[in-house]
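Secondary and tertiary structure notes
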Amino acid sequence: MKHAPETVFVGSLQKFSVEDGPGVRTTIFMKGCPLDCKWCHNPEMIDLQQQLIQSPNNCIGCGYCVKTCPKGAVTITPEQGVVIDREKCDVCLKCADNCFAKALRPVAKSMTIEEILHIAEQDKGFYDKTGGGITVSGGEVLVHGAFVKKLIQEAGKRGINACIDTSGYGDGDMLMEMAQLENVTDILYDMKSIDDEIHKAYTGVSNQLILRNLKILAADEVVREKLTMRMPLVKGVNDTEDIIARTGAFYQEIGVKRVNLLPYHNLGISKKRNVGGIQEEFEPPTEERLDEIEIYFRDKINLEVEILGRV
């Protein structure tokens, strides 16, 4: 049995979340993901290692970051403000330690299970009244499978229910072990694309492991009731009639009952830029197309459908 590490990098604990499972929740974003989705809305959570992120609007131009960087990787220009030479930067975080305006900061914090639950437990009253709890998200939870399993078990001892948010790309046995835990009430399972070639092109990995793990989960009657499919929808990529029809047929085959539709948004572009990268911009499906997809899944496939993040 794989032992859980003492700590993992946590990007944030988002309190009062209402779109990451039922009720009021605290969502725990863990760093590290084997997928590299071109539209990722949390691109700073993909790399397993610590990173330095900028918040340019916070910069007051004091220059402490320049003075304290031992590698000479930080400069300030009138046009761009703080500029990080990512080739020189070794993420020692001395610049962030001396940035009082928080214009430079680490992406994540190394946290223990006890530290995570200490924060999450503060809102237990809200969980109890609304049917909420914690949602463990990422990155990808299966990167930290043993840690996440232990976290959920410890939450259960404190009377806190849990939701797992996963791409399904990872250890299927570990995923099933977590899914079968009594205090896991919901599993949010991503469906980026039913088409393997599209999946590879836009996420960097095949969808075969994802589909196989999903079939195994859905074959368990108890676990199947916990499943909600989550579909990020990008215009011209995974919202076509063929993709939606094939997806619906697969959902019918395995017997899932709920789907969340998540139209694309471009919030990841600035985050990617602020950790030193460039993200391609896409478009969401039209409102008419979203309505068509909703009606198809609801009326033709008999699923419970919810559109999240719709403007």
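Report on the accompanying structure. On a predicted model such as this, the values are computed, not experimentally measured, just so you know.

**Observations regarding the overall build of the protein**
Helix and strand counts for the protein stand at 12 helices and 13 strands. A compact globule built from 311 residues would reach a C-alpha radius of gyration of about 19 Å, and the protein, at 20 Å, matches this within 12%. Seen through its C-alpha atoms, the protein measures out along the principal axes to roughly 60 × 45 × 35 Å. Looking at the protein as a whole, 50% of its 311 residues are labelled buried. The long-range fraction of contacts in the protein, counting pairs at least 24 apart against all pairs at least 6 apart in sequence, stands at 71%. Accessible area of the protein: about 15,000 Å², with a carbon and sulfur share of 50%. Averaging the locations of the 37 positively and 46 negatively charged side chains of the protein gives two centres separated by 5 Å.

**Looking at the pairing of strand β13 (residues 304-307)**
Only one face of β13 is buried, namely the one carrying Val 305 and Ile 307, since none of Glu 304 and Glu 306 on the opposite face is buried. Taken together, the four bridges between strand β12 (residues 258-263) and β13 define a ladder with parallel strand orientation. In the strand pairing of β13, Arg 258 is matched with Glu 304.

**Considerations on the sheet that holds strand β11 (residues 227-233)**
The strand order across the open sheet formed by nine strands is β7-β1-β2-β8-β9-β10-β11-β12-β13, and the pairing between neighbours is mixed. With partners counted over all chains shown, the strands left at the sheet margins are β7 (109-111) and β13, one partner each. Strand-to-strand twist across the sheet, computed as the mean angle between neighbouring axes with direction ignored, equals 30 degrees. Pairing of strand β2 (residues 25-30) with strand β8 (residues 133-137) involves five bridges; the strand directions are parallel. Across the sheet, the residue bridging to Arg 25 is Gly 133, located in β8. Along the sheet, helix α8 (residues 208-219) makes contact with β10 (184-190) and β11, crossing β10 at roughly 150 degrees.

**Observations regarding the environment of Pro 232**
You can see Pro 232 is positioned in strand β11. Along the primary structure Pro 232 and Tyr 202 are separated by 30 residues, whereas in three dimensions their C-alpha atoms are 12 Å apart.

**A closer look at helix α12 (residues 287-300)**
Here α12 spans 19 Å end to end across 14 residues, near enough to the 20 Å set by a 1.5 Å rise per residue. Just past α12, the residue Asn 302 takes up positive phi, approximately 60 degrees.

**A few points about the layout of surface pockets**
By volume, the largest pocket amounts to about 1,100 Å³. Taken together, 44 residues form the lining of the largest pocket, with Phe 29, His 41, Asn 42, Leu 262 and His 265 sitting closest to its centre. Of all the secondary structure elements, the ones that give two or more residues to the lining of the largest pocket are β1 (8-17), β2, β9 (162-166), β11, β12 and α11 (267-274). The dominant element in the lining of the largest pocket, judged by the number of residues it contributes, is β1, at four residues. Grouping the amino acids of the lining of the largest pocket by side-chain chemistry returns 19 nonpolar, 14 polar and 11 charged.

Quick notes on the rules
Residues numbered from 1 in each chain as written. Predicted model: local features only at pLDDT ≥ 70, side-chain atom pairs only at ≥ 80, totals over all residues. Heavy atoms only, no water. Helix = DSSP H or I, 4+ residues; strand = E, 2+ residues; numbered from the N terminus. Rg over C-alpha atoms; globule rule 2.2 N^0.38 Å. Buried < 20%, exposed > 50% of the residue type's maximum accessible area, 1.4 Å probe, protein only. Contact = heavy atoms within 4.5 Å. Areas by Shrake-Rupley, 256 points an atom, 1.4 Å probe, with all protein chains shown as cover. Lys, Arg positive; Asp, Glu negative; His and termini not counted. Charge placed at Lys NZ, Arg CZ, Asp CG, Glu CD. Pairing = 2+ DSSP bridges. Axes fitted to C-alpha atoms, helices over the stretch in contact; angles between N-to-C directions. Expected span 1.5 Å × (residues − 1). 1 Å grid on protein atoms, 1.4 Å probe; cavity = no way out; pocket = protein on both sides within 12 Å on 5 of 7 lines; lining within 4 Å. Points joined across faces, edges and corners; volume = space filled by probe spheres on them. Nonpolar A, V, L, I, M, F, W, Y, C, P; charged D, E, K, R; others polar.

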